[in-house]
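# Breakdown of the fold
Letter by letter, the chains look like this.
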Amino acid sequence: MLVSKDENIKTSSVYVASLILKNIQRQKVDKISIFELSKDLKKYNITRYRHLFFGLAFLYSSGIIDFKEPFIYVRKQK
């Protein structure tokens with residue numbers, strides 16, 4: 001289940017993943033530092049690493065992003 005009825009929607013992995021993608025799209029880049037991402041998510045009151053981790057895990061398992069050291073890369077669509 002992606003979202004539980006007992007879970008706060010503002011900290012769900014799907015919502016956090018959408019914020020991550022919006023941030024990358026807004027900056028018009030193909031890669032972003034995890035530190036920049038963490039700083040930006042604080043504006044949306046996402047301050048716990050667990051929420052960031054599950055948002056990134058959702059995007060990675062969906063095949064949207066990749067990791068290499070401190071950077072997150074958006075996969076190119078074919």
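That block above? That's the structure.
Everything quoted here is computed from the prediction, not taken from an experiment.

## Quick notes on the side chain of Ser 33
Summarising the element assignment, Ser 33 is placed in strand β1 (residues 31-33). Polar side-chain contacts of Ser 33 include one of 3.1 Å to the backbone nitrogen of Phe 35. Contact partners of Ser 33, with chain neighbours within four places excluded, come to Pro 70 and Phe 71.

## As for helix α2 (residues 34-41)
Buried within α2 we find Leu 37, Asp 40 and Leu 41. Projected onto a plane normal to the axis of α2, the buried residues spread over an arc of 95 degrees and lie on a single side. Exposed residues lying more than 90 degrees from the buried face of α2 are Phe 35 and Lys 39. Each element contacted by the buried residues of α2 is listed here: α1 (13-27), β1, α3 (49-61) and β3 (71-74). Its side-chain oxygen 3.1 Å from the backbone nitrogen of Phe 35, Ser 33 forms the N-cap of α2.

Parameters at a glance
Once a new chain begins, its residue numbering starts again from 1 and follows that chain's sequence as written. Local features in a predicted model are, by the rule used here, given only for residues with pLDDT of at least 70; side-chain atom pairs are given and counted only at 80 or more, and totals for whole chains, interfaces and linings are based on all residues. Computation of side-chain values covers all heavy atoms of the structure but excludes hydrogens and water. Counting from the N terminus, the helices are DSSP H or I runs at least four residues long and the strands are E runs at least two residues long. N or O atoms within 3.5 Å of each other form a polar contact, as long as, within protein, one can give a hydrogen and the other can take it, and as long as residues adjacent in sequence are counted only when both atoms are side-chain atoms. Any pair of residues with heavy atoms lying within 4.5 Å of one another is described as a contacting pair. Buried residues are those whose accessible area, probed at 1.4 Å on protein chains only, stays under 20% of the maximum for their type, while exposed residues exceed 50% and partly exposed ones sit between those limits. To obtain the arc, one takes the directions from the helix axis to the C-beta atoms.

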